Structure formats: C-alpha cells, structure tokens
Amino acid sequence: MVLRRSAHAWAPIIALALVPLSACYGSIDDPDVTRDVLVAPVPDFAPGSGALLRLTNAQYENSIHAVLGEEIVVTPNSASDASPEGLTAIEAGIVNVSSRDVTYYESTAYQVAGQAMAEGVRDGLVTCTPADASTSDTACATTFAREMGLRIWRRPLTDAEVERLVAVADEGAETLGDFYQGLEFILGGLLQSPHFLFRADIGDAVHAENADWRAFDGYEMAARLSFFLWNETPDDALLQAAAEGRLTSDEGLSAELDRMLDDPRARRGISALFNDMLGLELLDELDKLPEIFPLFTPDLGADARTETLAVLDELVFERGGDYRDIVTTRRAYVNRRLAAIYRLTAPSRDGFGFTEFPEDSLRSGVLGHISVLAGNSHPDRSSATGRGAFIRKRLLCGSIPAPPADMNVALPEPSGTAVTLRDRVQEHLQNPVCAGCHILMDPIGLSLENYDGLGQFRLLDNGAPVNASGKLNGEEFENPAELGVLLRDDPDLSRCLVRTMYRYATGTEEETGETIVLRELEQSFAEAEYRVLPLVRALVMHRGFRSTTTPHDEAE
Amino acid sequence: MAHQKFSRRRMLRGMLAGSAVGLGLPLLDIFLNDHGDAMADGSGLPLRFGLWFWGNGNIPQFWTPTGEGEGDAWALSEQLEPLAIHKSRMSVLSGYKVLTGNDIAHKSGASGILTGRKLVLLGGENGTFAAPSIDQAIANHFDGQAFHRSLESGVYIGATGEGTWSFKGEHDQNKPFNQPIDFFTHVFGDTFRLPGDTEVDPRLGLRRSILDGVLEDAANLERELGAHDRQRLDAHMTNIRALETQLARLEEDPPMVGEACMQPANPGEIAVEADRTHFDEIHRLMAEMNAMALACNQTRVVSHWFSKSVNGAQFPGFVDGHHRMTHDEAGDQPLVNEMTKYIMGQLAVFVSALEAVEEGDGTLLDNMLLMATTDCSLGRQHLLEEYPVMFFGNACGRIKEDCHIRSSTLENASKIGLTVTRAMGMTDATFGADAGEASDSIGAVEA
C-alpha cells in the first residue's frame, strides 16, 4: 500500500488506516504537498438520509419577523450557536436543545405574541373579527390558527392540531376576558412546537425514479428553499406554490428559484452561507490586547465581519463575478475604524463605504481582510499556523487532525538567530513529528506575516524584515498577492465552495451516494465560470437537493 | 446605563416589594425547627453540589501543598496561598492522574476528570462528552428536588459555550450564562417566589396546556424519524416536561427556603472597563447569585466556569493572555504563576460568597461540596498527572475539611469523581469507564 499525502479532504483516506489518527505523516525533504488524489470510481447516485435540523438563532429571529412583522422585537438568544469547528448549519442537526433554550423559546414565544396581539399591530395579522372581544370566539380563533399555523409550521395544520390550539385560546380568552390574549396562546403553541423549531427531512412524496428513495414534497421543498436562500421561513407565495404542486416540478421549482434569487432576501441568505463557511460569527468575541493594539475596539470584530460579507455580497450579486476572486479582489468595505487599520482613506465620514486597496497593496481578497488576519491570530500577536489553518480548512476544505496534546509547543522568544515569527516556528517544518500537518498550514500563514495580529501592515517583525515567500502546490510565491493567485488556481478553492454550499443547504455531510452530486455541481460551477448564483441554481435543481432516503438506522 | 459599583451590601438590599426585612435579620427563622438544623416540615437541610472550573491548568511544583494529612500537618503552597482564609474549609487532592487519554489538549483532560471517560472524538479538534459531566450526574440524582435542575454561570467564557464542560450527554451541552443580568433574569426573575407570595398567575395553567400540545407534536413527529433523531427529540421532550413541572410549581405555594434567602437586586448591564476589572465584578456578582440561588433552594447543583479551556484571557493587571503564556513562557513561568494565583484569588471570592450564607448552626458550606478543578495540570504540556482538584465544604459531614491527600502512585483521578458522587448520596458502584473506571473512593478524605 503506497502512502500518499493528500490535501483533499474527500480523497479516499485508505492511508490513514495505517497511521494513528492523531499523527500526521509526510516527508520533510520535499515540503511540497503532492496532491495526488487517489481516484476511485464515483459511486452511483443515492440520496442522503437527511437530518432533523433545528432552526439556527438567526433563522428563528428572521422567521418570527417574517410572520409577525419586522417591528416585533425579538430578544436574541444569549446562548450563541456559532460553531468554532465546522458549520452551524450541520451542528443544527447534531446538537441537542438545552433546557436554557427551551426556557428561551417559551418566554420569547409569549413576548412576541403579546406584541403581535397588541392593539394596532394585530389588525395586520387577525383577518377576522370576534363577535365579542371580551371572550372567546371559536370560529375566529380557528381561522387565525389555520392561517398562522400554515406560515409558522410551513404546512397546513390538521383539524386535530387546530382544535387543540383553539381549545386553549378559547379557555384563555374566557379566563382573561380578552379574545386577543387568547390568541396569544395559539402563537405560543405554534412557536414552541417542534414543527416550527425543527425541519425534518422526511420526504413525504413518492420518488419517481426509485421506490427506495423519497422525494421532498412541496412544503418540504418550500422550507428547504427559503432557509437556504433567505435564511427564513417560506413566504406566502412560496407556500402557495407548494400547495399547487409547483415545487416538485422542474418548471415550477425553477420559476420560484428565480423569484427568490431576485428578492433582496437572497442577499441575506447567501451572506448567511458565507458567514457560516468562514466562521465569521465568532468575530463577535474578537479580543485583542489594547496595550499592543491601541486601534482595537470591542466592535472591531463585528465591523470586520460586515466588511467581508459586503465584499462577497458585491462579488456575487452586483458584479456576478468569479467566486475565486475571493482570494484576489482588492475591494474593501470600510468604516473609519477599519480604514485606520488598513491605512486607507475612509470613503465616508459615518458608516461604511466601498473602496479599494491600492494597486501596490499586497492585500489579496479575504487573505488581506481584518476578519481573517485578526480573527485567526492571538490576542497579542499574529499566528501563522492559525491563519494557515483557517485558509486550509475553511477555504480549501482541508482537514487537519488535532495536534498532539502533550507536546511542548513553546515558541522560542525572539533572539539573535530567531527574530521573526518565521524563524521562531521553524521547528514546525523541520521536526518530522510536526511537519506532516504544519506543511498544510505554515507556508500559507507565514506569507501573511506582513500583517500583525490586528491586520495592520508592517515591513518588519521584531525589527527584522518579513519574508513572505513560500511554496504552494509546487509553485513559488514571493508575497501574499502572489499566494492569492496560486490559491485562485487551486482546484480545491472552487470545489470547497461546492462542498460547503451543499453541506450548508442540506444540513448534513454528504454521504457516499452524493459524491456524484458534488462532482456534477463542480462541473456546473466551472461551466458557469465560477459564478455563485448559477451554482446555487444548479444545486437547488439537482436531485440531490430534492431527494432523501430512509435513515440508515431505521432500515433494519 | 451608567456603570455602578455593586457591593454585596447593595446586592442584598433588594427584595420583594412588601417584605419588610432589614439586612442581617433572619428572614425565615420560623421555617426552621427548634434546632435550626432542619426545615420545619421535618426535611433535613438540603445537600448541594458546586463545580468551579478554570481553564489551562496550573504549575504543579508551585501548587502542590507541603506536608500531608489534616490540619497543621499540611501547609498551603504559593499558588494556593490566596485561599488561606479558607484553609480550614478546603481539602486538596494531589498526585492523581487522569487515565483516559490525551487525544485533544484540554478537552481530553476535562472529559477525564469530569466524566472519567475518554473524550468522544468528532474529527479535527472537535469532541463531546460520552456521559454526563459530574455536575449533571449529580443533577440527575437530585432531579425534581428544586426549581432548577442545575444552574451554569461563567466569566471568561464567551457566549458559545465553547471550552466549558457541563454536558448532559453527547452533544447535549448546558451553555453557562456569562452576563450577570441574564443569570439574574433566569434565576431571580419571574420564576422566583418566596414563601408568602401566594398570587398565582392565571396564565400558568394555559401555558402548561400549550406545553402538553407541544409534547403531542413531538410525539407525532418522532414517529417519522430515525432512531438518532428520535433520541434528540426525546431529550427535547424531557426539557419540555421539566419546564411544565416548573410552571406547575409556580402554581403551588412557594416551597421552604433557607433562612438566608433574599431576592438580590438586578445587577443590570455591566459596563466594560478598560482595565478589565469588570470581569472581577461579573465574577463577584455571579458568586453572590450562585450562593443566593442555593440559599433559596432554587437549585441543588451549580457549576461556575470561571475561565474556559484555552482561554486567551488577559486578566486584570496582566498584559499577556493566559493560554499563550502557558505555552510560550520559559522556565518556571513566573507570569503564569501569578495568573494562577489570580485565579485562585477569584476562587476564594466564590467560596467566601458561599461561606457568607448562614444555615442552621453553620453555613452553606456545611451542607455542600464545592469541587474546583481544571483541564490539565501543567498547562505547557497539558499534563494529566498531578491533576489539581480541591474540595470546599463538608457535604453534611461526609467529607473532611483541612486536609491534603496525596497519591504517590499516580492513582486514577476517577476516584475523586467517585468520592464526590458518594458524598452526594449516590449509590453508583463506579465512576468513569474503561481505563478511567474507578470502584474505590478516597477513604482518607471521607469523614
């Protein structure tokens, strides 16, 4: 059995069976990473078995606003669901709901219900009038339960479900002497139900191709579409399309897809994808030592996230550009705080504006953004390994095992012979125990050493000139701008977006039978010159997104 | 909101409208029996458990106490000196080793000491616990005996729960509150009632009916799911039922509470200070609220995650971040040493808050065991031997105080977990599993 090093995460990992999982392997004589992919025949298509996905905090808030109105104040869940490892979209199918969350959902349901049923607000939501507003009115409550239920549970309610909710509303109205307070309990029941909080990949329709598979029915497709593209619950038009059976036909699905991509909400949806892919939510907790970085402020992380998402939004929606520009574009979106760190002229006095890094700048796409540079550094200095790991894992979908826990990883203090960070981390690439993994990270990260722990440009590190050169995929680069060009040409860059988008949209890691889906989408992506919206289109129209199968543990 | 300093005095001055009680007067002496050591209804003073956790370990050579045994036979080390006022209340266990492997730095140690089991590996540096953490195992044991099954708070932890370790099981984490106002609202908000408060909210019964419906929805949904997802929904339903029970309790007369119970004042938003001393204030507020939650029998189990594993926290007065210094500082690591002493000083604050709660003839610490530990010993190497663990309090006379118990043979640290569960009255024969399984507790620290 020949051991082959591979940076592809999805190459058949036969070799790893021979090596302890915690160890890395690799020759230190040849620091190039040969990217021979062990090519195995791609299995025939089989749908994935799906997941039970809880709404993310953002989806929860967005959905309440969509149904009850933008002016409703939703107290955010103080327990963040940002995930330091992997996608929040996938964690949504894995992590249990905690009792803290259950308490939050209950109190929030009644907080928003109270606001929604307040005088003035409720007229937009209650389409009937009670005979006597100081007591129950079963007929009107029933109408309300059906209409709200369809929107909140993303499907029509059964008669039994409606009756159950209305019974509590009637009792509430009578006990509290107010019809509309009674309706609050209908909202309370709808918003706390697992039918709202979770999306289940059941596949309620028969699959045309294979009796062992299932197709998602119209309502399931509506939910899949709206949470992927808009990061919120389906709107009335989408629910209507579901009711009329249009979402299970190619023409109908395509038409709704067009409508949704044209809608401003799609920009928020695609932003949510990049936010998750690049782990930008974690920037809320960005912390730098003010003694070392006086330009750091507590809002900087959030500002940096705003910038990166805006640059990507412009690339996707305004320019319809090549996704791979993500590592080469000179576009920036800055306020005065960010501009000061970048040493750019702020495009506006207050708030944000677009501008560009100058021609001779070495900042290359997100590699030069504060979100990446500061977000993957220590509180007091840069981290070549941290930045390299980010790029390898989040942009290239590489996988890097955990470092050995008992190893002394002390970084030598700067001294006569080891002045710069590059000097001080040499051990990573010279020690065979370290090199196998660090070769995937350090050469990339060390090219960014012209940017300190906050992302500010510097020529010197501890008084010595920064050497930003290195090698990627056998090609040499002199500086981060040249690295950006090499990354742009790395097939992993575009393939990683395909894989990440598919995982994000389905909320699961792809199964063996879905490998072919990724291959086909990669093909579509390339043919579309790596524009993102055509990829989104291809994904939604693909049977991979529209089919599922019984969970494996149920098949026995 | 303008930043205000909240002293303990000010905190305790807040109370329910209508209850005219001065500071220092026992509020509810009448609920204690003549001996002051039991509730008037005949039940004993409740036994409690607390877990206090800090991230990134210690430095064993400056940590391990000198001498072994009880009282004068042992003396505090340099790193434990900040706990001097509590020496008579504390026992130190040293020399034990976590035997469940070190797959992922910090996480494996935490898993080993808190569950006695190997960390479940999820790829990369991702992991979860195989079994409930010790606070949750004990919460299971006490389930139903107080309004909240358990409470989790923290300071240098962020909002994602990362690096804290209260787990009910795999992928089932309790994320601690890191803002005092959120903790206050959760514990002392709408759901907090004192004896005498007999007004019942008419909406409670309606809310419970709605929750019945939610459970029905979950049962209907479950039928269509695979086994793994059914389990997740089951866990959700368990939490819903617990919430229903809480609402039902709110419809009954408030239960007995300890004599020191009072409703604290709302701490409000804590303003960020440039010198980072607001973290000390957050910690002090959390300590007092934890103590009061226990005094008021709102829970039997608390865990306080002072600093998360791998935290790069810049403690007040320090320029460098904690985690990086544990790895990068050379030699004897004098800065890390000072940081560890700072952490121990904060632990002392927490213990003081517990000690200040008078119960029966003594204090809350007499009816409680507080276990303090971390995710490794020497942070530089994430060492699993010389694992640092301290006990405070005597758990209703079951645990010895003022001891240094040392294992010279690298005994299984799970013995500590078993000692704790036994002190809580649990009848489990073992703690942990496989290499981490212990079937003996530490007799030397058992009274």
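Residues numbered from 1 in each chain as written. Chains lettered and ligands numbered in written order. Predicted model: local features only at pLDDT ≥ 70, side-chain atom pairs only at ≥ 80, totals over all residues. Heavy atoms only, no water.

J.: Even after reading the chapter, I still don't get the overall build of chain B, so can you show me in this structure?
T.: Along its length, chain B carries 11 helices and 14 strands. For chain B, the C-alpha atoms occupy an extent of roughly 65 × 60 × 45 Å along the three principal directions. Within chain B, contacts between residues at least 6 apart in sequence are counted, and of these 72% link residues at least 24 apart. Here chain B holds 36 positive side-chain charges and 61 negative ones, and the gap between their average locations is 2 Å. (Helix = DSSP H or I, 4+ residues; strand = E, 2+ residues; numbered from the N terminus. Contact = heavy atoms within 4.5 Å. Lys, Arg positive; Asp, Glu negative; His and termini not counted. Charge placed at Lys NZ, Arg CZ, Asp CG, Glu CD.)

J.: Would you mind showing me how to read the sheet that holds strand β3 (residues 205-206) of chain A here?
T.: What holds strands together in a sheet is hydrogen bonding between their backbones, with the strands either parallel or antiparallel. Residue and element names in this part refer to chain A. Pairing is antiparallel in the open sheet, where 3 strands are placed in the order β3-β4-β11. Edge positions in the sheet fall to β3 and β11 (547-549), since each has one partner strand and no second. Sheet topology note: the strand β4 (residues 213-215)/β11 ladder contains 3 bridges and is antiparallel. In the sheet register, R214 faces β11, and the bridge partner there is T548. (Pairing = 2+ DSSP bridges.)

J.: What should I look at first to understand the nonpolar core in this one?
T.: The tendency in soluble globular proteins is for nonpolar side chains to be buried side by side. One finds F228(A), Y323(A) and L395(A) to be the most contacted residues of the largest nonpolar core, which totals 89 residues. When near neighbours in sequence (up to four residues on either side) are disregarded, F228(A) contacts G269(A), M501(A), Y504(A), A505(A), V536(A), L539(A), V540(A) and F545(A). One finds M117(A), I186(A), L197(A) and L211(B) within the second-largest nonpolar core, a separate group that totals 65 residues. (Core = buried A, V, L, I, M, F, W, Y, C linked by side-chain atoms within 4.5 Å. Buried < 20%, exposed > 50% of the residue type's maximum accessible area, 1.4 Å probe, protein only.)

J.: Just checking my understanding: could you explain the confidence of the model for chain B for this structure?
T.: Where the model shows low pLDDT, its predicted coordinates should not be examined in detail. Residues and elements named next belong to chain B. Residues at a pLDDT of 70 or more form 90% of chain B, whose mean pLDDT is 90. Taken together, the stretch residues 1-32 has pLDDT below 50 and engages in 57 contacts with residues farther than four places along the chain or on a different chain. Our summary of model confidence lists the complex with pTM equal to 0.92 and ipTM equal to 0.91. (pLDDT = per-residue confidence, 0-100.)

J.: So what exactly am I meant to see when it comes to the interface of chain B and chain A here?
T.: A common measure of how large an interface is: the accessible area buried when the components associate. In this assembly, 60 residues from chain B lie in contact with 68 residues from chain A. Interface area, chain B with chain A, both sides summed: about 5700 Å², of which 55% is carbon and sulfur. Across the contact surface, chain B and chain A share 7 salt bridges. Residue E106(A) pairs with R207(B) through a salt bridge whose shortest N-O separation is 2.8 Å. Put simply, chain B and chain A have 24 residue pairs in polar contact (both at pLDDT 80 or more) between them. (Buried area = accessible area lost by both parts, 1.4 Å probe. Salt bridge = Lys/Arg side-chain N within 4 Å of Asp/Glu carboxyl O. Polar contact = N/O pair within 3.5 Å; in protein donor to acceptor, adjacent residues only side chain to side chain.)

J.: Would you take a moment to explain the state of the cysteines for this structure?
T.: In protein chemistry, a disulfide is the covalent bond that joins the sulfur atoms of two cysteines. All chains considered together, the criterion is met by 3 disulfides over all chains. Between the sulfur atoms of C397(A) and its disulfide partner C496(A) the distance amounts to 2.1 Å. Taking the torsion about the S-S bond as the criterion, the C397(A) to C496(A) disulfide, at about 75°, is right-handed. Of this pair, C397(A) sits in the loop between α15 (384-395) and α16 (421-424) while C496(A) sits in helix α21 (residues 491-506); the two residues are 99 residues apart in sequence, bridging distant segments of the chain. Under the relative-accessibility criterion, C496(A) is labelled buried at 0%. The thiol sulfur of C434(A) is not disulfide-bonded, and the nearest other cysteine sulfur, from C437(A), lies at 8.9 Å. Assessed through its relative accessible area of 11%, C434(A) is described here as buried. C376(B) takes part in no disulfide bond, and the closest cysteine sulfur, belonging to C434(A), lies 19 Å away. (Disulfide = S-S within 2.5 Å.)

J.: What am I meant to see in helix α8 (residues 218-229) of chain A here?
T.: Structural remark: α-helix, 3.6 residues per turn; residues separated by three or four positions point the same way. Residue and element names in this part refer to chain A. The end-to-end C-alpha distance of α8 is 16 Å, a good match for the 16 Å that 12 residues give at a rise of 1.5 Å each. A large share of α8 lies buried, amounting to 12 of its 12 residues. With a side-chain oxygen positioned 3.1 Å from the backbone nitrogen of Y219, the residue opening α8 is D217. Immediately beyond the C-terminal end of α8, within one or two residues, lies N231, with a positive phi of roughly 60°. (Expected span 1.5 Å × (residues − 1).)

J.: What's the story with the packing of aromatic side chains in this structure? I'm lost.
T.: Working definition: an aromatic ring pair is given by the centre-to-centre distance plus the angle between the planes. Scanning the model with the defined rule gives 33 aromatic pairs over all chains in all. Arranged with centres 5.9 Å apart and planes meeting at 50°, the rings of Y60(A) and F196(A) form a pair that is tilted. Here Y60(A), found in helix α1 (residues 57-68), pairs with F196(A), found in helix α7 (residues 194-197); they are 136 residues apart in sequence, far enough to count as distant. Y60(A) sits in the buried class, given a relative accessible area of 1%. Given the relative accessible area of 2%, F196(A) is considered buried. Positioned over the ring face of F177(B) is R100(A), at 3.8 Å from the centre of the ring. We note R224(A) situated over the ring of F545(A); from NZ or CZ to the ring centre the distance is 4.6 Å. (Phe/Tyr/Trp six-rings, centres within 6.5 Å; stacked < 30°, edge-to-face > 60°. Lys NZ or Arg CZ within 6 Å of the ring centre and 35° of its normal.)

J.: Is there a simple way to think about the sheet that holds strand β9 (residues 301-307) of chain B in this case?
T.: Residue and element names in this part refer to chain B. Reading across from one edge, β2-β14-β3-β13-β12-β1-β9-β6 is the order of the 8 strands in this open sheet, with mixed pairing throughout. Because the sheet does not close on itself, it has two edges, and the strands there are β2 (69-70) and β6 (151-156). Relative to strand β14 (residues 403-406), β2 runs antiparallel, the two sharing 2 bridges. The residue bridging E70 from the neighbouring strand is C403, located in β14. Running at roughly 165° to strand β1 (residues 48-53), helix α4 (residues 134-141) makes contact with β1, β6, β9 and β12 (368-373) of the sheet. (Axes fitted to C-alpha atoms, helices over the stretch in contact; angles between N-to-C directions.)

J.: Is there a simple way to think about the pairing of strand β3 (residues 90-94) of chain B in this case?
T.: If a strand is regular, its side chains alternate between the two faces of the sheet. Residues and elements named next belong to chain B. Of all 5 residues that make up β3, 5 are buried, and the element is covered over most of its length. Because side chains alternate across β3, one face comprises the buried residues M90, V92 and S94, and the other comprises S91 and L93, equally buried. Examined bridge by bridge, β3 and strand β13 (residues 389-392) share 4 bridges and lie antiparallel to one another. The residue bridging L93 from the neighbouring strand is V389, located in β13. Summarising the sheet, β3 and β14 pair through 4 bridges and their orientation is parallel. Across the sheet, residue S94 finds its bridge partner in β14, namely R406.

J.: Can you help me understand the environment of N337(B) in this one?
T.: Residues and elements named next belong to chain B. Tracing the backbone shows N337 in helix α10 (residues 334-355). Each C-alpha atom of the pair N337 and W63 lies 9.2 Å from the other, and the pair is 274 residues apart in sequence. Residues within four places of N337 in sequence aside, it is in contact with I59, F62, E78 and Q79.

J.: Before we go on, may I ask you to explain the side chain of T326(B) in this structure?
T.: All names here are of chain B. With respect to the helices, strands and loops of the structure, T326 is situated in helix α9 (residues 322-328). In this structure the side chain of T326 is engaged in a polar contact, spanning 2.5 Å, whose partner is the backbone oxygen of H323. Here T326 is in contact with N56, Q333, V336, G379 and R380, once residues within four sequence places are set aside.

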